[in-house]
Amino acid sequence: MFSFFKRFKGSKAPETAQDESQDTREAVAEQADAPAAPSSRATSEPPGETASGDDLHDLSEIEAETVLETVEIVPPPAPEPAAKKSWIDRLKSGLSKTSAGLTGIFVGTKIDEDLYEELETALLMSDAGVEATEHLLGALREKVRADRLTDPMQVKAALRTLLVDLLKPLEKSLMLGSAQPLVMMIAGVNGAGKTTSIGKLAKHLQRFDQSVLLAAGDTFRAAAREQLAIWGERNNVTVVAQESGDPAAVIFDAVSAARARKIDVLMADTAGRLPTQLHLMEELRKVKRVIGKALDGAPHEVLLVIDANTGQNALSQVKAFDDALQLTGLIVTKLDGTAKGGILAAIARQRPVPVYFIGVGEKVEDLQPFNAEEFTDAMLG
Ligand SMILES: Nc1nc2c(ncn2[C@@H]2O[C@H](COP(=O)(O)OP(=O)(O)OP(=O)(O)O)[C@@H](O)[C@H]2O)c(=O)[nH]1
């Protein structure tokens, strides 16, 4: 069982350190009026004690010296009653277009060049890309030889192992509690699913007793701001928004508000943009810099949302946004109804940025943590 999120666990900080941290918070809060002013103190905050989750870890048991360890917290919450199908079922049906090309290959056949050729075509059609496809086929041929496999279903099992090995490094749980607020900046091209994913994630975080604040950093599209504001109202999540202006200023204000209100997680939406729009990419870099001025060490997470339908183009997006922003994670949306689920193999091979969540639909429970084994099983049928 994998965890939905992980919680950062550190020692109960000594009183003095807490006081210092408070001073630091106040000092930086004062800078909120001057967004351009450089941070005068480079103190990183000790992990804040979150109001929630105390039932899971008794902090008093932790030794005085700083011990940093990660702890798996509760598994994904039970799906809402309306969601009849389990996550695995939904993942499988979501990925059915991707798996359609791969599942039949191993049935009623023998291990020969035709089998490898068919597999190569299917992997390329799933947008796994040339590099990952060559890597998988080369390793598979080697394994068939070394293990003297004779049954095509054994070859399928070997492929499963290789695919899991390839995808495993992408598996990572989002860590909560390493900072308060934990600041997450979310970027992506237009329509990738940023705003919707932020909404879903906010709901998940609330279920884990995390207080959430949203920053409507998409100042470009009024409708996007309104979409987030309406969503926030309905779900009792505060949204910091401004009529117009600089996204960096909006997000700076939001970070200050999150600090003042002792919010657990701040998610900052940004306007969609193409990596080729260099001035807009520069704007994103500025947003990131300004967040760092509002809070040392922030943003703690820089997430890129990619639409799986865009296949190999999504890989280019990962590379470009990673070069510009040093991404910490990905959210891969719209895996339902795409035949291009193999794109995760391409990402694993060419730019292995961790995949925190995958989306297979529009409902809250359709966004879940990425698990390499589950994903491989759904992909191979
Ligand atoms: N089928 C499906 N649709 C999704 C998924 N994730 C998001 N969507 C839909 O994709 C559309 C675009 O989502 P948004 O969240 O508005 O995308 P955005 O990146 O914020 O778009 P911009 O604000 O234009 O940059 C919406 O209709 C969402 O419901 C998913 O996993 N599966």
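All values reported here derive from a predicted model rather than from experimental measurement.

With 14 residues, helix α7 (residues 194-207) ought to run about 20 Å at 1.5 Å a step, and its terminal C-alpha atoms sit 20 Å apart, in line with that. Across the 14 residues that make up α7, a large majority, 11, are buried. Among all positions of α7, only Lys-194, Thr-195, Thr-196, Ser-197, Ile-198, Gly-199, Lys-200, Leu-201, Ala-202, His-204 and Leu-205 are buried. Two residues or fewer after α7 comes Asp-209, characterised by a positive phi angle close to 60 degrees.

Let us now look at the confidence of the model for the chain. Summarising the model, the chain shows a mean pLDDT of 81, and 79% of its residues fall at 70 or more. Interface predicted TM-score (ipTM) for the complex: 0.97; the corresponding pTM is 0.82.

Mapped onto the present numbering, the UniProt feature "domain: SRP54-type proteins GTP-binding" (unreviewed entry) falls at residues 354-367. Helix and strand shares over residues 354-367 are 0% and 43% respectively, and the end C-alpha atoms of the span are 15 Å apart.

Our next topic: the site of the ligand. Close contacts around the ligand come from 20 residues, with Gly-193, Thr-195, Thr-196, Gly-272 and Gly-359 the closest. A per-element tally of the shell around the ligand places α7 first, with 3 residues. A class-by-class count of the residues in the shell around the ligand yields 3 nonpolar, 10 polar and 7 charged.

Let us now look at helix α12 (residues 343-350). α12 sits mainly inside the fold: 7 of its 8 residues count as buried. Looking only at α12, the buried set comprises Ile-343, Leu-344, Ala-345, Ala-346, Ile-347, Ala-348 and Arg-349. Elements that come into contact with the buried residues of α12 comprise α5 (129-146), α6 (152-167), α11 (312-325), β9 (329-333), β10 (355-359) and α13 (372-380).

The next subject is the sheet that holds β9. Strand order in the open sheet formed by 8 strands is β6-β5-β7-β4-β8-β9-β10-β11, with mixed pairing between adjacent strands. In this open sheet, the two edge strands, each paired with only one partner strand, are β6 (238-240) and β11 (367-369). Neighbour-to-neighbour, the strand axes of this sheet turn through a mean angle of 25 degrees, independent of strand direction. Where strand β5 (residues 212-217) and β6 come together, 3 bridges link them in parallel fashion. Looking at the pairing, Leu-214 lines up with Val-239 of β6.

Below, the discussion takes up the nonpolar core. Within the largest apolar cluster, 101 residues are counted, with the highest numbers of intra-cluster contacts made by Leu-214, Ile-251, Val-255, Leu-266, Met-267 and Leu-330. Broken down by element, this core gets its largest block of residues, 7 residues, from helix α9 (residues 247-260). Not counting residues within four places of it along the chain, the set of residues in contact with Leu-214 comprises Ile-198, Ala-202, Leu-228, Gly-232, Val-237, Val-239, Met-267 and Asp-269.

So, about the environment of Gly-272. The topology assignment puts Gly-272 in the loop between β7 (265-270) and α10 (278-294). Taking C-alpha positions, Gly-272 is 28 Å from Pro-169, a pair spaced 103 residues apart along the chain. Not counting the four nearest positions on each side in its chain, Gly-272 is found in contact with Gly-188, Val-189, Asn-190, Gly-191, Ala-192 and Lys-194.

Within β7, 6 of the 6 residues are buried, which leaves it mostly tucked inside the rest of the structure. Neither face of β7 is exposed, since Val-265, Met-267 and Asp-269 on one face and Leu-266, Ala-268 and Thr-270 on the opposite face are all buried. Where strand β4 (residues 182-188) and β7 come together, 5 bridges link them in parallel fashion. The residue of β7 that forms the bridge with Val-183 is Leu-266. Pairing geometry for β5 and β7, over 6 bridges, is parallel. Within the sheet, the bridge partner assigned to Ala-216 lies in β7 and is Asp-269.

About the criteria used
- Residues numbered from 1 in each chain as written.
- Predicted model: local features only at pLDDT ≥ 70, side-chain atom pairs only at ≥ 80, totals over all residues.
- Helix = DSSP H or I, 4+ residues; strand = E, 2+ residues; numbered from the N terminus.
- Expected span 1.5 Å × (residues − 1).
- Buried ≥ 20, exposed ≤ 12 C-beta atoms within 10 Å, placed from the backbone.
- pLDDT = per-residue confidence, 0-100.
- UniProt positions renumbered as here; feature names shortened; annotations may be inferred.
- Near = placed C-beta within 6 Å.
- Nonpolar A, V, L, I, M, F, W, Y, C, P; charged D, E, K, R; others polar.
- Contact = placed C-beta atoms within 7 Å.
- Pairing = 2+ DSSP bridges.
- Axes fitted to C-alpha atoms, helices over the stretch in contact; angles between N-to-C directions.
- Core = buried A, V, L, I, M, F, W, Y, C linked by C-beta atoms within 7 Å.

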